[in-house]
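These are the residues of each chain, in order.
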Amino acid sequence: MKAKLRVGVVGVGRLGRLHASHLAGFDGVTLSGVYDIDPLRSAQVARETGSTAASDLDDLLRRSDAVTIAVPTPVHAEVGLRALAMGKPVLMEKPLAATLDEADALCRAAEGQGLQLQVGHVERFNRAIRAARPYFADLRYFDCTRLAPFQLRGTDVAVVLDMMIHDLDLILHLTGGTEVTEVRASGVAVLSPHEDVANARVEFANGAVASVTASRIARTRVRSLRMFQADGYFSLDLLQGTGEFMSLRAQARFGKPTRMEDAVEVVELATPAADALALELRSFVHAVQGEAETVASGREGRAALALALRVSDAIGTPPTVAV
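Since the model is a prediction, treat every value here as computed from it, not as a measurement.

*Asks:* So what's going on with the packing of helix 1 (residues 14–25) against helix 2 (residues 39–49)? Which residues, and what values?
*Replies:* For any two helices packed against each other, the geometry comes down to the angle between their axes and how far apart the axes lie. Interaxial distance between helix 1 and helix 2 falls to 10 Å at its minimum, and their mutual angle equals 25°. It follows from the interaxial angle that helix 1 and helix 2 lie roughly parallel. Where helix 1 crosses over helix 2, the handedness of that crossing is right-handed. Mapping the contact onto sequence places Arg17, Ala20, Ser21 and Ala24 in helix 1 and Arg41, Gln44, Val45, Glu48 and Thr49 in helix 2. Split into classes, the residues belonging to the contact of helix 1 with helix 2 amount to three nonpolar, three polar and three charged.

Written out as structure tokens, the structure is:
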């Protein structure tokens, strides 16, 4: 019988606690422990998951085969490099790092030892994206809106790195990593020291264009994605995990009066309900076990960070990270 993979969690705030909870319930996985700079929080999550609160980071790394890291962005590189130096594959919550130099260091460290480095771009696993994938062709226009009520968590970085980067990663992924040729953006800081609202227009070498809006001072949550290609249009609700694909029926004739439903075929998009974070964590486990390729690799995370920083630069305020 194959030994269980021992996976530890570094940082057990809101998101890290969810990591620990999922991992504790996976078949073939042992939650080897949790570590947080707040020992009371470590102890509480350890009790909730039937695990152990590590005394320090090295203690957790010694008892783990791999780790997920959900610490504040300014210390991603420090913690990730320590884990990789001890030979541990890493799932790093997004963004991969605070700077491109740090992202490069993480990628080099992982590649140098042949270790998995996955980035927590969880929208890759959204059920609406999974349902739409069979219909994707040559996507040419993206309209993304991501809104959320204000909260202090995440305000150590601008909304571009906190929220918009999810959509930027998706767009890069769906365009096959096509070169970005132009970025125009605007944004404003409202309730935090960094931009809380931002909009960007991104143009690609293949002619694709993306309009991306993110705000963390909205009254309600919205995660919508509209995409257009030559044979149809996608309207996805990433929050609900649903959507539809509309395309022109083969028998439709231009110039003749007809009802929309006679001319356009509408496909309701849905896959069986599944927790995207659980799917992401399971994909990391499979990658570490050599059963699948890494989804949202370190290099892809680096590309998403590079585009997010270009957006921040285009806004006109150099991106900074609180320490």
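That covers the picture; the talk isn't over yet.
*Asks:* Hey, could you go over the nonpolar core for me, with residue numbers and the actual values?
*Replies:* Counting residues in each nonpolar core, the largest one holds 71 residues, and the members touching the most others are Val10, Phe142, Met164, Met227, Phe234, Leu236 and Val311. Top contributing element to this core by residue count: helix 7 (residues 159–174), with 11 residues. Those residues within four positions of Leu236 in sequence are excluded, and the remaining contacts are Ala128, Ile129, Ala132, Arg223, Ser224, Leu225, Met227, Thr242, Gly243, Glu244 and Leu269. Judged by nonpolar contacts, the second largest core, of 20 residues, contains Val9, Ala20, Val29 and Ala66.

*Asks:* Give me the lowdown on helix 2, citing residues and values where you can.
*Replies:* Turning to helix 2, its buried residues are Ser42, Val45, Ala46 and Thr49. Viewed along the axis of helix 2, the buried residues span an arc of 105°, placing them on a single side of the element. Turned more than 90 degrees off the buried face of helix 2, the exposed positions are Leu40 and Arg47. In this structure, the buried side of helix 2 is in contact with helix 1 and strand 2 (29–35). Between the side-chain oxygen of the N-cap and the backbone nitrogen of Leu40 there are 3.0 Å, and the N-cap of helix 2 in question is Asp38.

*Asks:* I'd like a rundown of the sheet that holds strand 8 (residues 197–204), residues and numbers included.
*Replies:* One open sheet holds the eight strands; their spatial order is 7-8-9-6-10-11-12-13, and the pairing between them is mixed. Bordering the open sheet on either side are strand 7 (180–188) and strand 13 (264–269), each of which pairs with just one other strand. The average angle at which neighbouring strand axes cross in this sheet is 10°, direction not considered. With five bridges connecting them, strand 11 (residues 232–237) and strand 12 (residues 242–248) associate as antiparallel partners. From the neighbouring strand, Ser235 faces strand 12, where its bridge partner is Glu244.

Calculation notes
Residues numbered from 1 in each chain as written. Predicted model: local features only at pLDDT ≥ 70, side-chain atom pairs only at ≥ 80, totals over all residues. Heavy atoms only, no water. Axes fitted to C-alpha atoms, helices over the stretch in contact; angles between N-to-C directions. Helix = DSSP H or I, 4+ residues; strand = E, 2+ residues; numbered from the N terminus. Parallel < 35°, antiparallel > 145°, perpendicular 65-115°, else oblique. Left-handed = near helix turned anticlockwise from the far one by under 90°. Contact = heavy atoms within 4.5 Å. Nonpolar A, V, L, I, M, F, W, Y, C, P; charged D, E, K, R; others polar. Core = buried A, V, L, I, M, F, W, Y, C linked by side-chain atoms within 4.5 Å. Buried < 20%, exposed > 50% of the residue type's maximum accessible area, 1.4 Å probe, protein only. Arc of directions from axis to C-beta. Polar contact = N/O pair within 3.5 Å; in protein donor to acceptor, adjacent residues only side chain to side chain. Pairing = 2+ DSSP bridges.

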